[in-house]
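The chain contents come next:
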Amino acid sequence: MLIRAPVGTDRAEWLRMRRALWPTSDDDEHTREVSGFLESAVAPVAVFVADREAGGSLGGFLEMGLRSYAEGCRSSPVPYIEGWYVDPDLRRRGVGEALVEAAEAWARERGHTEIASDTAPDNEVSLAAHERLGFSVTDRMVCFRKELGAGQGHYPGCARRRPVP
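Below is a short write-up of the structure. Because the structure is predicted, anything quoted here is derived from the model rather than measured.

### Details of helix α2 (residues 27-40)
Under the 1.5 Å per step criterion, the end-to-end length of α2 is 20 Å for 14 residues, consistent within 8% with the ideal 20 Å. Every buried residue of α2 is accounted for by His-30, Val-34, Ser-35 and Phe-37. Mapping the buried residues of α2 onto a view down its axis gives an arc of 165°, with all of them on the same face. Those residues of α2 that are exposed and aimed more than 90 degrees away from the buried face are Asp-28, Arg-32 and Glu-39. Structurally, α2 contributes buried residues whose contacts are with α1 (11-21) and β2 (46-51). The N-cap of α2, judged by a side-chain oxygen 3.0 Å from the amide nitrogen of Asp-28 a few residues on, is Asp-26.

### Quick word on the packing of aromatic side chains
Applying the stated criterion across every chain, the model contains 2 aromatic pairs. Counting every residue linked through ring pairs, the aromatic cluster contains Trp-22, Phe-61 and Tyr-85.

### Observations regarding unusual backbone geometry
The omega torsion across Ser-76 and Pro-77 is -5°, close enough to zero to call that bond cis. Position of Pro-77 among the secondary structure elements: in the loop between β3 (58-67) and β4 (78-86). Phi is positive for Arg-92, close to 65°, though the residue is something other than glycine. Position of Arg-92 relative to the elements: it lies in the loop between β4 and α3 (95-109).

### Digging into the pairing of β4
Within β4, 8 of the 9 residues are buried, which leaves it mostly tucked inside the rest of the structure. Pairing analysis gives 8 bridges linking β3 to β4, with the strands arranged antiparallel. Paired with Met-64 across the two strands is Ile-81, which belongs to β4.

### Topic: the sheet that holds β4
Strand order in the open sheet formed by 4 strands is β1-β2-β3-β4, with antiparallel pairing between adjacent strands. Single-partner strands in this sheet number two, and they are β1 (2-4) and β4. Sheet twist, expressed as the average angle between the axes of neighbouring strands with direction ignored, equals 15°. Pairing analysis gives 6 bridges linking β2 to β3, with the strands arranged antiparallel. Across the sheet, Val-47 pairs through a bridge with Glu-63, a residue of β3. Here α3 sits on the sheet and contacts β1, β2, β3 and β4; the angle it forms with β4, its principal contact strand, is near 160°.

### A word on the environment of Val-95
Relative to the elements of secondary structure, Val-95 occurs in helix α3. Remark: the alpha-carbon pair of Val-95 and Ile-3, spanning 92 residues in sequence, is separated by 8.6 Å. The residues contacting Val-95, other than those within four sequence positions of it, are Met-1, Ala-50, Val-86 and Leu-90.

### Overview of the nonpolar core
Core analysis: the largest hydrophobic core is formed by 19 residues, its most contacted members being Phe-48, Leu-62, Met-64, Ile-81, Trp-84 and Leu-99. Of all elements in the fold, only β2, β3, β4 and α3 reach the threshold of two or more residues within this core. By residue number, the principal contributor to this core is α3, which donates 7 residues. In terms of nonpolar packing, the next biggest core, distinct from the first, is built from 10 residues, Leu-15, Met-17, Val-34 and Phe-37 among them.

Criteria and cut-off values
Residues numbered from 1 in each chain as written. Predicted model: local features only at pLDDT ≥ 70, side-chain atom pairs only at ≥ 80, totals over all residues. Heavy atoms only, no water. Helix = DSSP H or I, 4+ residues; strand = E, 2+ residues; numbered from the N terminus. Expected span 1.5 Å × (residues − 1). Buried < 20%, exposed > 50% of the residue type's maximum accessible area, 1.4 Å probe, protein only. Arc of directions from axis to C-beta. Contact = heavy atoms within 4.5 Å. Polar contact = N/O pair within 3.5 Å; in protein donor to acceptor, adjacent residues only side chain to side chain. Phe/Tyr/Trp six-rings, centres within 6.5 Å; stacked < 30°, edge-to-face > 60°. Pairing = 2+ DSSP bridges. Axes fitted to C-alpha atoms, helices over the stretch in contact; angles between N-to-C directions. Core = buried A, V, L, I, M, F, W, Y, C linked by side-chain atoms within 4.5 Å.

Right, here's the structure in full:
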């Protein structure tokens, strides 16, 4: 398995894996982001793919960005694993580890001293993979969202005002 940067001919395979990792994301968004990186290397900051070396297919990818802050980290900016995926038939064979090692080498070469990532609290496969590779849990959180309906008051002039504590 060869770990390398993606090239234009990887577009379809990279999109296939992104769709598998983020199935609820808009397909146009996937296409726009992959195209943006391949055509101008804008964002994410770094991408690595696992090339199966047979038949021109890929078996995994890792996308990394730089965040100004990451929970539990002391430095800024922080290299952050935004997306990490390995095809099911290649899991537990060192492909994910090789992708993370490439990301770590990239970060070290640029003077970074730590790297961060996240996963859903119930994603046991990802939790185990992170822990096997030396990541430590820094925080657990639940994120909330509330839909704001039209005409439910606005500031200033809301019908109901409460003092801010």
